[in-house]
Amino acid sequence: MDKELLNRWMGRALELAQKAREQDEIPIGCVIVVENRIISEGINLRETTHKTTAHAEVVALESYNLAHQTWRLPEESWVFVTAEPCLMCTGALLWARAPRIVYGCSDPRQAGLKRVSPWIEQGVFDHRFKEIQGGVLEAECAQILKDYFKTKRS
């Protein structure tokens, strides 16, 4: 996928992150794209739903699952998320057979995707991501999180 399309879809994920922020949720957005068409979207909804697992990636996956009556993402899928997926979301993306993950900013505690990537590559799990790319609109994705937490702390 070329840079223009990567930025377009991450831009949409950022719009969703802003929507989450407006709902006083941690501003993370997720978009799942197939053949340059959105097939599912999600935002963090933990505070709204009182569900521990209501991260943007899981919300997007569950929305797709219900709409299409399948747990497996299409082979052509691209998952765009504004922040590096956490351990739980990385696991959910593995189990959904997500082929490609694109994220904006890294997890500063490195507790997510990058942490388990070596195990994934070693074949510990029964699925491997075909492509992982970070740093797409990184500054914008990091800034929305910084601004949110700065406001929460003041």
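Residues numbered from 1 in each chain as written. Predicted model: local features only at pLDDT ≥ 70, side-chain atom pairs only at ≥ 80, totals over all residues. Heavy atoms only, no water.

A.B. asks: Tell me about the overall build of the chain, residues and numbers included.
C.D. replies: The helix and strand inventory of the chain stands at six helices and five strands. Taken against the 2.2 N^0.38 rule, which gives 15 Å for 154 residues, the C-alpha radius of gyration of the chain at 14 Å falls within 12% of a compact globule. Counting all 154 residues of the chain, 49% fall into the buried class. The long-range fraction of contacts in the chain, counting pairs at least 24 apart against all pairs at least 6 apart in sequence, stands at 61%. Counting only carbon and sulfur atoms, one obtains 50% of the accessible surface of the chain, whose full area is about 8,300 Å². Each charge class in the chain can be summarised by its mean position, and for the 20 positive and 21 negative side chains these summaries are 3 Å apart. (Helix = DSSP H or I, 4+ residues; strand = E, 2+ residues; numbered from the N terminus. Rg over C-alpha atoms; globule rule 2.2 N^0.38 Å. Buried < 20%, exposed > 50% of the residue type's maximum accessible area, 1.4 Å probe, protein only. Contact = heavy atoms within 4.5 Å. Areas by Shrake-Rupley, 256 points an atom, 1.4 Å probe, with all protein chains shown as cover. Lys, Arg positive; Asp, Glu negative; His and termini not counted. Charge placed at Lys NZ, Arg CZ, Asp CG, Glu CD.)

A.B. asks: An account of the packing of aromatic side chains is requested, with residue identities and associated values reported.
C.D. replies: Applying the stated criterion across every chain yields a total of three aromatic pairs. Ring geometry for W78 versus F80: centroids 6.4 Å apart, planes at 20 degrees, classification stacked. Residue classification places W78 among the buried positions, given a relative accessible area of 11%. Given a relative accessible area of 0%, F80 falls into the buried group. Geometrically, the ring pair formed by Y148 and F149 is edge-to-face, given 5.1 Å between the ring centres and 80 degrees between the ring planes. Looking at Y148, the relative accessible area reads 7%, which means it is buried. (Phe/Tyr/Trp six-rings, centres within 6.5 Å; stacked < 30°, edge-to-face > 60°.)

A.B. asks: Describe the environment of D147, naming the residues involved and giving the relevant values.
C.D. replies: If you trace the backbone, D147 turns up in helix α6 (residues 138-153). Among the residues examined, D147 registers a relative accessible area of 28% and is labelled partly exposed. C-alpha separation for the pair D147 and P27, spaced 120 residues apart in sequence, amounts to 9.7 Å.

A.B. asks: Outline the side chain of E57, listing residues and values.
C.D. replies: For E57, the location among the structural elements is in helix α3 (residues 56-68). Buried within the structure, E57 lacks any salt-bridge partner; its nearest side chain of opposite charge belongs to R46, at an N-O separation of 9.6 Å. With near-sequence residues (within four places) excluded, E57 lies in contact with C30, V81, A83, P85, C86, C89 and L93. (Salt bridge = Lys/Arg side-chain N within 4 Å of Asp/Glu carboxyl O.)

A.B. asks: So what about the layout of surface pockets? Which residues, and what values?
C.D. replies: Space inside the largest pocket adds up to approximately 610 Å³. Contributing to the lining of the largest pocket are 22 residues, with I28, D107, P108, L145 and F149 lying nearest its centre. Looking at the lining of the largest pocket element by element, the count peaks at five residues for α6. Across the lining of the largest pocket, the residue classes break down as twelve nonpolar, three polar and seven charged. (1 Å grid on protein atoms, 1.4 Å probe; cavity = no way out; pocket = protein on both sides within 12 Å on 5 of 7 lines; lining within 4 Å. Points joined across faces, edges and corners; volume = space filled by probe spheres on them. Nonpolar A, V, L, I, M, F, W, Y, C, P; charged D, E, K, R; others polar.)

A.B. asks: So, the packing of α3 against helix α4 (residues 87-95): which residues are in play, and what are the values?
C.D. replies: Taken N-terminus to C-terminus, the directions of α3 and α4 make an angle of 25 degrees; their axes are 9 Å apart at the nearest point. Taken together, the axes of α3 and α4 lie roughly parallel to each other. Between α3 and α4 the crossing geometry is left-handed. Here E57, V58 and L61 of α3 come into contact with α4, specifically with M88, C89, A92 and L93. (Axes fitted to C-alpha atoms, helices over the stretch in contact; angles between N-to-C directions. Parallel < 35°, antiparallel > 145°, perpendicular 65-115°, else oblique. Left-handed = near helix turned anticlockwise from the far one by under 90°.)

A.B. asks: Describe the sheet that holds strand β3 (residues 77-83), listing the residues and the values that go with them.
C.D. replies: Sheet strands pair via backbone hydrogen bonds, and the direction of the pair is either parallel or antiparallel. Strand order in the open sheet formed by five strands is β2-β1-β3-β4-β5, and the pairing between neighbours is mixed. Two strands bound the open sheet, and with one partner strand each, they are β2 (37-43) and β5 (131-133). Strand after strand, the sheet turns through a mean of 15 degrees between neighbouring axes, direction not considered. One ladder, built from three bridges, connects strand β4 (residues 100-105) with β5; its direction is parallel. Across the sheet, V102 pairs through a bridge with Q133, a residue of β5. (Pairing = 2+ DSSP bridges.)

The analysis is restricted to geometry; functional conclusions fall outside its scope.
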